[in-house]
Amino acid sequence: MNLTRLAGNAPLKRQLELETARRGLSHAYILSGPAGSGKRTLAGLLAAALVCDRRGGALPCLSCAGCRKAEGGIHPDIVRVGDDGKDISVAQVRALRADAYIRPNEAERKVYILENAQTMNASAQNAMLKLLEEGPAYAAFLLLTDNAAALLPTVRSRCEHLPLSPVTQREAELWLDEHYPDQPQAARQAAADRCEGLLGRAAAELEGQAAGDTQALDGALELVRRLDGGDELALLEHCVALEKWDREQLRALLDEGVLLLRDALVCSAGTLRESDPRRREAAERAARALSPRQLTQAVGVLERLRAACGSNVGAGHLAGWLGAALSTL
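Under an unreviewed UniProt entry, the name given to the protein chain is DNA polymerase III, delta' subunit, and the source organism is Flavonifractor plautii 1_3_50AFAA.

Student: Looking at this model, I keep getting lost on the pairing of strand S3 (residues 110-114). Mind explaining?
Tutor: Put simply, side chains in a regular strand alternate between the two faces of the sheet. Taking burial as the measure, the five residues of S3 include five buried ones, the bulk of the element. Taking every second residue as pointing to the same face, both faces of S3 are buried, with Lys 110, Tyr 112 and Leu 114 on one and Val 111 and Ile 113 on the other. Bridge analysis of strand S2 (residues 78-81) against S3 gives four bridges, and the strand direction is parallel. When the sheet's bridge partners are listed, Ile 78 is paired in S3 with Val 111. Viewed along the sheet, the connection from S2 through helix H4 (residues 90-100) into S3 turns out right-handed.

Student: Teacher, can you tell me more about helix H15 (residues 315-327) here?
Tutor: Count 3.6 residues to each turn of an α-helix, and residues three or four apart come out pointing the same way. With 13 residues, H15 extends 18 Å between its outermost C-alpha atoms, agreeing within 8% with the 18 Å of an ideal straight helix rising 1.5 Å per residue. Lining the buried residues of H15 we find helix H10 (215-229), helix H11 (232-241), helix H12 (247-269) and helix H14 (292-308).

Student: Would you mind going over empty space enclosed by the protein with me for this structure?
Tutor: Any empty space left between atoms is shown by rolling a water-sized probe over those atoms. Here the structure, examined in full by the defined rule, presents one cavity of 30 Å³ or more. Each pocket or cavity is described by its volume, and for the largest cavity that value is around 30 Å³. If you trace the largest cavity, you find it lined by Leu 250, Leu 254, Leu 305, Cys 309, Leu 318, Ala 319 and Leu 322. Mapped by element, the contributors of at least two residues to the lining of the largest cavity are H12 and H15. Split into classes, the residues belonging to the lining of the largest cavity amount to seven nonpolar, no polar and no charged.

Student: Is there a simple way to think about the sheet that holds strand S4 (residues 139-145) in this case?
Tutor: Within a beta sheet, neighbouring strands are joined by backbone hydrogen bonds and run either parallel or antiparallel to one another. The strand order across the open sheet built from five strands is S2-S3-S4-S1-S5, with neighbouring strands paired in parallel fashion. The open sheet has two edge strands, S2 and strand S5 (160-163), and neither has a second partner. Pairs of neighbouring strands in the sheet enclose a mean axial angle of 20°, with direction left out of account. Helix H1 (residues 10-23) contacts strand S1 (28-32) and S5 of the sheet and is inclined by roughly 150° relative to S5.

Student: Could you clarify how one ought to interpret the side chain of His 75 in this entry?
Tutor: The residue His 75 is located in the loop between helix H3 (65-72) and S2 in this model. Contacts of His 75, omitting those with residues within four sequence positions, involve Val 51, Gly 66, Lys 69, Ala 70, Glu 106 and Ala 107.

Student: So what exactly am I meant to see when it comes to the domain arrangement of the protein chain here?
Tutor: When the parts come together, some accessible area is lost, and that loss is often what is quoted as the size of the interface. The assigned domain composition of the protein chain is domain 1 (8-161), domain 2 (170-205) and domain 3 (212-325). If you average the C-alpha positions of domain 1 and of domain 2, the two centres end up 28 Å apart. Around 290 Å² of area is buried between domain 1 and domain 2 when both sides are counted, 59% of it from carbon and sulfur atoms. Contact with domain 2 buries surface across domain 1, with Gly 8, Ala 35 and Gly 36 losing the most and accounting together for 77% of the total. Connecting domain 1 to domain 2 are zero salt bridges. Summed over the shared surface of domain 1 and domain 2, the result is two residue pairs in polar contact (both at pLDDT 80 or more). Of the residues in the side of domain 1 that touches domain 2, the class split is two nonpolar, three polar and no charged.

Student: I tried to follow the nonpolar core on my own but got confused; where do I start?
Tutor: One broad rule of soluble globular proteins: the nonpolar side chains tend to lie buried together. One finds Leu 261, Leu 302, Leu 322 and Leu 326 to be the most contacted residues of the largest nonpolar core, which totals 37 residues. Looking at this core, the elements with two or more residues in it are H10, H11, H12, helix H13 (277-289), H14 and H15. With 32 residues, the next largest nonpolar core counts Leu 31, Cys 52, Ile 113 and Leu 162 among its residues.

Student: How should the environment of Ile 113 be read in this particular structure?
Tutor: Examined against the element boundaries, Ile 113 turns out to sit in strand S3. Along the chain, Ile 113 and Arg 80 lie 33 residues apart, while their C-alpha atoms are 4.8 Å from each other. Residues in contact with Ile 113, not counting those within four places in the same chain, are Ala 43, Ala 47, Ile 78, Val 79, Arg 80, Val 81, Leu 142 and Leu 144.

Calculation notes
Throughout, a residue's number is its position along its own chain's written sequence, starting from 1. Reporting in this predicted model follows two pLDDT cut-offs: at least 70 for local features of residues, and 80 or more for side-chain atom pairs to be given and counted; totals over whole chains, interfaces and linings ignore these cut-offs and use all residues. Side-chain figures throughout are based on the complete set of non-hydrogen atoms in the structure, without hydrogens or water. Relative accessibility decides the category of a residue: with a 1.4 Å probe and only protein chains considered, values under 20% of the type maximum give buried, values over 50% give exposed, and everything between is partly exposed. Helix numbering and strand numbering both begin at the N terminus, where a helix is a DSSP run of H or I of at least 4 residues and a strand a DSSP run of E of at least 2. At least two DSSP bridges between two strands are required for those strands to pair. The path from the first strand over the helix to the second decides the hand: if it runs clockwise while the strands point away from the viewer, the crossover is right-handed. Helix span, expected: 1.5 Å multiplied by one less than the number of residues in the helix. Residue contacts are defined here by distance: any two heavy atoms, one from each residue, within 4.5 Å place the two residues in contact. Only protein atoms enter the calculation, which uses a 1 Å grid: trapped sets of points that fit a 1.4 Å probe without letting it out are cavities, open sets showing protein on both sides within 12 Å along at least five of seven lines are pockets, and any residue with an atom within 4 Å of a point is a lining residue. Grid points are joined across faces, edges and corners, and a volume is the space filled by probe spheres set on the points. Amino acids are sorted into nonpolar (Ala, Val, Leu, Ile, Met, Phe, Trp, Tyr, Cys and Pro), charged (Asp, Glu, Lys and Arg) and polar (every other residue, Gly among them). Interaxial angles span 0 to 180 degrees and are taken between N-to-C directions of axes, which are lines fitted to C-alpha atoms, for helices over the stretch in contact. Boundaries between domains were set according to an automatic or database domain assignment. Two parts lose some accessible area (1.4 Å probe) when they are put together, and adding that loss for both gives the buried area. Every case where a carboxyl oxygen of Asp or Glu lies within 4 Å of a side-chain nitrogen of Lys or Arg is listed as a salt bridge. Pairs of N or O atoms are called polar contacts if they sit within 3.5 Å, as long as, within protein, a hydrogen donor faces a hydrogen acceptor (for residues adjacent in sequence, only side-chain-to-side-chain pairs). Note on terminology: a nonpolar core comprises buried Ala, Val, Leu, Ile, Met, Phe, Trp, Tyr and Cys residues joined through side-chain atoms within 4.5 Å.

Printed below as a string of structure tokens:
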């Protein structure tokens, strides 16, 4: 397969190349990994390969009419579900099932990309299971999820699992240099340092800086400030205010919070490499106010909540959990 546009993930690429060389593409895949790990990039490449007009050679060719339409988001045989950020309902899955029995318009295959597949409840997943088991041979399904364990075992057993991994620091630097040459080198380096190997997160930081979007960072800085201030009521008030945020906004805040607290741990143990004065000041203040044990526990809380953002959990519950867990450190 032609997977050069997917950075890193060498084991996954080898797996796909071997499998497709032996028996072609499967009818159903689960693409799992944290937000920013490349699930959408891989889904786009798999979808393009499934509708590619080329016969023979590495797929997708990325030059035929089918591939160009797939890249442009206008291929009539590639259907996206759940890309509006809302939970996928059983009604949507039933509509998808009805559509699947309508033959493809142009390509030999018809591809369904389900984003945030973990937001399907049990009824929706059981409806999806029936389609995975009994759907037409030309239909293919790509289930994107931050948390594969949130899918029913029966659904997982009908799909091939493709887990994406963070890239190395060097791979992140090279990718950002190639895709964001107009950004200052210092900004690219800082984004590579902070992204934890998740290129989507680094891209969001650079694009957010360009757009002046600092909501997540502002919220995380305030959260850490109230945490290291030792005022339990002030901390809880801030968490209550976060109930108005949606899951994606909370996830972004938690990403920033994890980085700030990890920087505080680094600061307490040695020299901190952080060029952003706001982040640096917050990390130094937290390192003075909290013990390494408290910082480690706080990082654990935020990481657990970050994982929970990928499940069918309301933002209000997540914000309440955050306040309750941090106030007991």
